[in-house]
Structures are given as C-alpha cells and as structure tokens.
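Spelled out, the chains give:
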Amino acid sequence: MTTYENPTRPASASMDQRFTDPATWGTFGAQWHSGEQKTLQCCAVRPETHDVKTFIFRCVDFSALSFEPGQFITISPVIGGQTIARCYTLSSSPTRPFAFSITVKRVPGGTVSNWLHDHLKPGDSLKASGPAGSFTPVGHPATKLLYLSAGSGVTPLMSMTRAACDMAGNLDIVFVHSARTPTDIIFHAELTRMQAAMPGLRVISVCEGLGDTTQWQQPIGRLDLSLLSQHVPDYKEREIFTCGPQGYMDAVKSLLREAAFDFAHYHQESFDIAVLNDEPLIEQAASLNQQDVFTVTLSRSGKTFSMPANQTVLSAAKKAGAIVPSSCSQGVCGTCKTTLLQGTVDMNHNGGIRQREIDKGLRLLCCSKPTSDLVLDL
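Computed from a prediction, not measured in an experiment: that's the story for all the values here.

Points about the overall build of the chain
And then number 1: Counting secondary structure elements, the chain contains ten helices and 22 strands.
And then number 2: The buried share of the chain, taken over its 378 residues, is 50%.
And then number 3: At a minimum sequence separation of 6, the contacts of the chain that also span at least 24 residues come to 66%.
And then number 4: Looking at the chain as shown, the accessible area adds up to about 18,000 Å², and 50% of this sits on carbon and sulfur atoms.

In structure tokens, the structure reads:
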C-alpha cells in the first residue's frame, strides 16, 4: 500500500488511520479534474448481482472527483505486466466526490472486467484518468426526464438519479430498466428506497422472464412502444437518456422513430463498441488517387506504413502492429492521446482532449484522419 508523508503521523500510518487524522482533513478540497491522471485506492467491493460488482475508490491524495452525472473515468490496471485502459461510467453521485464508484458486469472473455471481479480488493491501487463524456443532463434543462436502460447500462442513469435525490431536485423522473430476470436487476433495492423517498421518481422494471422469482408485479417481456405508451403516456414530453447494449439502444431508437419522437430531446451512451471494420477502407484505398494515400512514421520504433485518407490513424497504426493504448474509439476518453511530431490531421473529437493539449501537438488518434504524411511519437 502506498503511503505519503504527513507532518503529524508517521509514514507507516495506514490510510484508514490517516482518514481520522485532523491534519488529513485539512487536505480535502483539491479537485481531480478532467484529463488528469490519479492513483486510486479501492475502498470497498460490493456485489450487486451474480455477475455485477461495484468498486468504490478514493484518490490516495484525498482529492475530490469533480464530474457531471453520467460521465466516466478511464482506469488503467496492470494485467499480466501490460497496462490496459478501459472506460467505466461512474455510478456514484457527484454530490459525494471523495468516494466514487464504478459498477462493472463480468463479460465473458473480458480482460479488464474479469480481472476486476477476480483480483481487485480493498487496499489495492490503480491508475485512472478522467472524468470525461458528454452523456449528462447538465446543459439540457428539463424537469421531466425519462431514463431508459438495460443491463449494466443502468450505471450512468443511476448516477443521475442519485444526484437528483441528494440535491432534492424538483424533478419528474421515470426510470425504466430492462433486465433478464428480477434477480438481474442492478440497484433494485436502492432504486426502490429512492422511489419511496423521492416524490418525483417512478421506477419501472421490465424483465424478459421470471427466473426463480415467484412473485412479480411489474411488466414481463421487452420494452416496446405499447409498453412504453401504457406506463409512460407522456414520454414525448420528456428528455430521454438511454444506455445499454447496442441492440437495446437500436430497438429504443426504432420505437421512438415509429412514434415520431423529437430526437432533439434524445441522448444515448454506450461502450459496447464493435471493432472498426477497415476492410472496406482498404479495398477503397486501391481506387484512391496517390495523393489520398499517406505515409506514417513512428519515431520511436522506426516503423513506417501507408494508409488511406479515409481511415483513422489509430486503426491504421494498430493494423501495422503499433501498440497504442485506446479504449472508447469515439474521441471521448483521451486514452489514445499521442504527440504529432510532423504533419496534419483532420480530428473530430468529442471532448477527450483540451485545446491546450492540441496546442502542444497532441492528437486523439481514434478520431484523426491524415491530411498529409505523418510522424508520430510512438
């Protein structure tokens, strides 16, 4: 366990001992802002369902995490001697910034989710950066909200709901969550308690089947337009936030299109991102003009490769065998941030890089396409 110097305690004092130290409380207040990397210590691990756990962290320097409900952090555990970065939405409320949580479903074959479930325990530390992301109600003023989630997609919406509850917001929130069975509903007990304590919150759980549950009073089946219209008849008047597997979100968008919903009031988030299929781009490259194919040089390894102008630099670099840390592939997490030593790119990011970083020559490779030959600090 990492220890830090303290003027009133020996360096060997545990974090819990330092937590009760009046001198330590004087250090509270510094904030962990977007783009910074911090060392986090795991405080607790809580099972939510048979395949979902919540991991609670604090910064080892007692910084407060400044974030908006719905945003995520990027954790970078060392697994098998290799640092692997993954984005996880914060499930806790920003109103409680000194201890914050991610809620993770074990994914078959998932390197990081399985490592977290099997190995991370209280007292362990890991690196993390963030927070980031634009999936948040902040900036979308509305008093009537509809949260639609499935599976572990509940986490950002849980953060939003916890924040509304903590702030005693005068909001009308309908939270519709879909799960396989009642025992698979994440945060079921807490949502039930919050619904009892918060007059403006109504929680509806939709389960595909009963599983081992014998008594169930809520809807059975899958969310469709009929079910939504029955339980949330004023859904067209609400700001809608959706998170879940891609198939679920596609189905939600389809039913809302059928209902002629105004998508100016629709927002969605997902990290269920398929690997980019670059084969069509490679095929197209054969028909591109010579000036549409550029040379990329990796300064550290000396590797050189050619790539078409309509391909992302990240995708081309990985195909060429370069080791580039990456996670979201959507320009939001900042994991693939790399210095561009020479050349120019067309970068369309989603908040994962700051202007001062761009001014220093950094680029997000996942959302950058070449407009000239490039030299990268890789």
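Description of the environment of Ala322
And then number 1: Summarising the element assignment, Ala322 is placed in the loop between helix H9 (313–319) and strand S18 (337–342).
And then number 2: In sequence terms Ala322 and Ser301 are 21 residues apart; their C-alpha atoms lie 8.7 Å from each other.
And then number 3: The residues contacting Ala322, other than those within four sequence positions of it, are Leu298 and Ala317.

Overview of the sheet that holds strand S10 (residues 125–132)
And then number 1: Ordered by their spatial adjacency, six strands build an open sheet running S8-S5-S10-S2-S3-S9, and the pairing between neighbours is antiparallel. The open sheet has two free edges, formed respectively by strand S8 (86–89) and strand S9 (100–105), since each of these has just one partner strand. Pairs of neighbouring strands in the sheet enclose a mean axial angle of 40 degrees, with direction left out of account.
And then number 2: One ladder, built from six bridges, connects strand S2 (residues 36–49) with S10; its direction is antiparallel. Bridge pairing in S10 links Leu40 to Leu126.
And then number 3: The sheet strands contacting helix H3 (residues 111–119) are strand S3 (52–59), strand S5 (72–76), S8, S9 and S10, and the helix crosses S9 at an angle near 115 degrees.

Focus: the nonpolar core
And then number 1: Grouped together as the largest cluster of nonpolar side chains are 24 residues, with contacts concentrated most on Val324, Leu365 and Leu376.
And then number 2: Broken down by secondary-structure element, the contributors of at least two residues to this core are strand S16 (293–298), strand S17 (304–308), H9, strand S19 (345–347), strand S20 (362–364) and strand S22 (374–376).
And then number 3: Broken down by element, the residue count for this core peaks at four residues, all from H9.

Overview of the packing of aromatic side chains
And then number 1: Counting across every chain of the model gives five aromatic pairs.
And then number 2: Considering the side-chain rings of Phe263 and Tyr266, the 5.2 Å spacing of their centres and the 65 degrees angle between planes classify their relative orientation as edge-to-face.
And then number 3: Classification of Phe263 by relative accessible area gives partly exposed; the value is 29%.
And then number 4: Members of the aromatic cluster, each reached through a chain of ring pairs, are Phe135, Tyr147, Phe175 and Phe241.
And then number 5: Between Arg162 and the ring centre of Phe187, over which it is positioned, the NZ or CZ distance is 4.9 Å.
And then number 6: Sitting over the face of the ring of Phe263, Arg257 holds its NZ or CZ atom 5.7 Å from the ring centroid.

Things to note about the sheet that holds S20
And then number 1: If you trace the five strands from one edge of the open sheet to the other, you get S17-S16-S22-S18-S20, paired in mixed fashion. The strands lining the two open edges of the sheet, one partner per strand, are S17 and S20. Across the sheet, the axes of successive neighbouring strands diverge by a mean angle of 40 degrees, strand direction being ignored.
And then number 2: Relative to S17, S16 runs antiparallel, the two sharing five bridges. Its bridge partner lying in S17, Val296 is registered against Phe305.

Points about the layout of surface pockets
And then number 1: Of the pockets and cavities examined, the second largest pocket occupies roughly 550 Å³.
And then number 2: In this structure, the second largest pocket is lined by 32 residues; those nearest its centre are Pro325, Gly334, Thr335, Cys336 and Lys337.
And then number 3: For the lining of the second largest pocket, the secondary-structure elements that each account for two or more residues are S5, S10 and S18.
And then number 4: Classifying every residue of the lining of the second largest pocket by side-chain character gives ten nonpolar, 16 polar and six charged.

Digging into the confidence of the model for the chain
Atomic detail in the predicted coordinates should be set aside for any region of low pLDDT.
And then number 1: Averaged over the chain, the pLDDT score is 85; the fraction of residues at 70 or greater is 85%.
And then number 2: The low-confidence segment residues 1–13, where pLDDT is below 50, has 19 contacts with residues more than four positions distant or belonging to other chains.
And then number 3: Predicted confidence for residues 272–290 stays below pLDDT 50, and this span has 20 contacts to residues more than four positions away or in other chains.

Some remarks on the packing of helix H4 (residues 154–166) against helix H5 (residues 188–197)
And then number 1: Running from N to C, H4 and H5 cross one another at 30 degrees; their axes reach a closest spacing of 11 Å. The way H4 lies across H5 gives a crossing that is left-handed. Taking contact as the criterion, the partners of Met158, Thr161, Arg162 and Cys165 in H4 are, on H5, Glu190, Leu191 and Met194.
And then number 2: Considering only residue class, the contact of H4 with H5 consists of four nonpolar, one polar and two charged.

Let's talk about H4
And then number 1: For H4, with 13 residues, the first-to-last C-alpha span of 18 Å sits near the 18 Å given by 1.5 Å per residue.
And then number 2: With eleven of 13 residues buried, H4 lies mostly within the body of the structure.
And then number 3: Where H4 is concerned, the buried positions are Val154, Thr155, Pro156, Leu157, Met158, Ser159, Met160, Thr161, Arg162, Ala163 and Ala164.
And then number 4: Phi turns positive, to about 50 degrees, at Ala168, one or two residues after H4.

Concerning the environment of Ala132
And then number 1: If you trace the backbone, Ala132 turns up in strand S10.
And then number 2: Separated by 218 residues in the primary sequence, Ala132 and Asn350 have C-alpha atoms spaced 9.4 Å apart.
And then number 3: Once residues within four sequence positions are removed from consideration, Ala132 is found in contact with Gln71, Phe72 and Val332.

Notes on the side chain of Thr155
And then number 1: Position of Thr155 among the secondary structure elements: in helix H4.
And then number 2: When near neighbours in sequence (up to four residues on either side) are disregarded, Thr155 contacts Thr89, Leu90, Ser91, Thr103 and Phe187.

Parameters and conventions
- Residues numbered from 1 in each chain as written.
- Predicted model: local features only at pLDDT ≥ 70, side-chain atom pairs only at ≥ 80, totals over all residues.
- Heavy atoms only, no water.
- Helix = DSSP H or I, 4+ residues; strand = E, 2+ residues; numbered from the N terminus.
- Buried < 20%, exposed > 50% of the residue type's maximum accessible area, 1.4 Å probe, protein only.
- Contact = heavy atoms within 4.5 Å.
- Areas by Shrake-Rupley, 256 points an atom, 1.4 Å probe, with all protein chains shown as cover.
- Pairing = 2+ DSSP bridges.
- Axes fitted to C-alpha atoms, helices over the stretch in contact; angles between N-to-C directions.
- Core = buried A, V, L, I, M, F, W, Y, C linked by side-chain atoms within 4.5 Å.
- Phe/Tyr/Trp six-rings, centres within 6.5 Å; stacked < 30°, edge-to-face > 60°.
- Lys NZ or Arg CZ within 6 Å of the ring centre and 35° of its normal.
- 1 Å grid on protein atoms, 1.4 Å probe; cavity = no way out; pocket = protein on both sides within 12 Å on 5 of 7 lines; lining within 4 Å.
- Points joined across faces, edges and corners; volume = space filled by probe spheres on them.
- Nonpolar A, V, L, I, M, F, W, Y, C, P; charged D, E, K, R; others polar.
- pLDDT = per-residue confidence, 0-100.
- Left-handed = near helix turned anticlockwise from the far one by under 90°.
- Expected span 1.5 Å × (residues − 1).

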